[in-house]
Amino acid sequence: MIDPTTLDDHAFAVWAAERAGAVLLDVRAGAAADGLEGKALKDAGDAAAQAELDRLLTAHRPDDAVLSEEAADDKSRLTAPRVWIIDPLDGTREFSEPPRDDWAVHVALWADGDLVAGAVAQPALGETFSTGRPSVVPPRTSQRPRIAVSRSRPPAFVEALAAELDAELVPMGSAGVKVMSVVRDVADAYVHAGGQYQWDNAAPVAVARAAGLHCSRVDGSPLVYNADDTSLPDLIVCRPELAEQIVDFVRRNGTE
């Protein structure tokens, strides 16, 4: 049995994400018996995972601040030295459509100005990616670049980007899953504009950085976390060799 008091921040992020993931799998497994589907299943998953992460952080990291999608924004985080940035269930739509596996739990730690630890659990795959054991991104296996995009609302500019790079678009679910697809060599880039928040990409970016991937805003500027405004609407996560081409395209063409 794991003693959470002995875990460093990297291992704690993994443990917390996996505990929340186990709760989500239980919610999903009991959905039919409980009469949960659609929005009701989404809401049940969000609430259960938030409650579990809140319990774990309160018990084992009581002095740290928290920024979560599913809780009120306590502005005391702005002067706190350590802030956990969490998304208890990233990809609620996919979670509510069993047996889809492209949903995730995000747990990241910001400390003294930057992300220092993070974990992205994909419970339905039984996999967790973390900064504690950084992934080694394998050599690219595809001759054409692959760009991960939303299966329901891909940004129009990404289609033009794909045409310029002679790239293939790969639709999938949550933001965390898209970033992890680059870590896993399922895709070579994830380019997004049009709306995200800090909790959508903090943990995925921490993991991607640890794996040696390029992570920035679409104009090439740094991603800033624990800012007062929780909006962080765009990002690029890609293999380093593609970064210059993608940023240059956005600078020339914009994202409209």
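Residues numbered from 1 in each chain as written. Predicted model: local features only at pLDDT ≥ 70, side-chain atom pairs only at ≥ 80, totals over all residues. Heavy atoms only, no water.

By the naming in an unreviewed UniProt entry, the chain is 3'(2'),5-bisphosphonucleoside 3'(2')-phosphohydrolase, taken from Nocardioides furvisabuli. What UniProt records for the chain under Catalytic activity (unreviewed entry) is the sentence "adenosine 3',5'-bisphosphate + H2O = AMP + phosphate". (UniProt positions renumbered as here; feature names shortened; annotations may be inferred.)

## So, the environment of Ala 210
With respect to the helices and strands, Ala 210 occurs in helix α7 (residues 198-210). Along the primary structure Ala 210 and Glu 70 are separated by 140 residues, whereas in three dimensions their C-alpha atoms are 26 Å apart. What Ala 210 contacts, discounting residues up to four positions off in sequence, is Thr 131 and Pro 134. (Helix = DSSP H or I, 4+ residues; strand = E, 2+ residues; numbered from the N terminus. Contact = heavy atoms within 4.5 Å.)

## Focus on the sheet that holds strand β1 (residues 65-68)
Hydrogen bonds between backbone atoms are what pair the strands of a sheet, whose relative direction is either parallel or antiparallel. Read from one edge to the other, the open sheet built from 5 strands follows the order β1-β2-β3-β4-β5, with strand pairing classed as mixed. Since the sheet does not close on itself, it has two edges, and those belong to β1 and β5 (127-130), each with one partner. This sheet shows a mean twist of 15° between the axes of neighbouring strands, independent of strand direction. Looking at chain direction, strand β4 (residues 114-122) and β5 are connected through 4 bridges and run antiparallel. Following the sheet pairing, Val 120 is matched in β5 by Phe 129. Lying over the sheet, helix α1 (residues 9-29) contacts β2 (82-90), β3 (104-111), β4 and β5, oriented at roughly 30° with respect to β4. Against the sheet, helix α3 (residues 38-60) makes contact with β1, β2 and β3, and its axis sits at roughly 155° relative to β2, the strand it touches most. (Pairing = 2+ DSSP bridges. Axes fitted to C-alpha atoms, helices over the stretch in contact; angles between N-to-C directions.)

## So, the packing of aromatic side chains
What the rule picks out here adds up to 4 aromatic pairs. Taken together, the ring pairs in this structure connect Phe 12, Trp 15 and Trp 84 into an aromatic cluster. Just above the ring of Phe 12 sits the side chain of Arg 61; from NZ or CZ to the centre is 4.2 Å. (Phe/Tyr/Trp six-rings, centres within 6.5 Å; stacked < 30°, edge-to-face > 60°. Lys NZ or Arg CZ within 6 Å of the ring centre and 35° of its normal.)

## Brief notes about the packing of helix α6 (residues 175-183) against α7
At their nearest, the axes of α6 and α7 sit 9 Å apart, and the two run at 10° to each other. Of the possible angle classes, the one that applies to α6 and α7 is roughly parallel. Touching Ala 175, Gly 176, Val 179, Met 180 and Val 183 of α6 are Asp 200, Pro 204, Val 207 and Ala 208, all from α7. (Parallel < 35°, antiparallel > 145°, perpendicular 65-115°, else oblique.)

## What about unusual backbone geometry?
Put simply, Pro 98 and Pro 99 share a cis peptide bond, and its omega is 10°. Counting through the fold element by element, Pro 99 comes out in the loop between α4 (92-95) and β3. One non-glycine residue with positive phi stands out, namely Asp 166, at about 55°. Tracing the backbone through its elements, the reader meets Asp 166 in the loop between α5 (156-165) and β7 (168-172). Look at Asp 166 and you get partly exposed, because its relative accessible area is 47%. (Buried < 20%, exposed > 50% of the residue type's maximum accessible area, 1.4 Å probe, protein only.)

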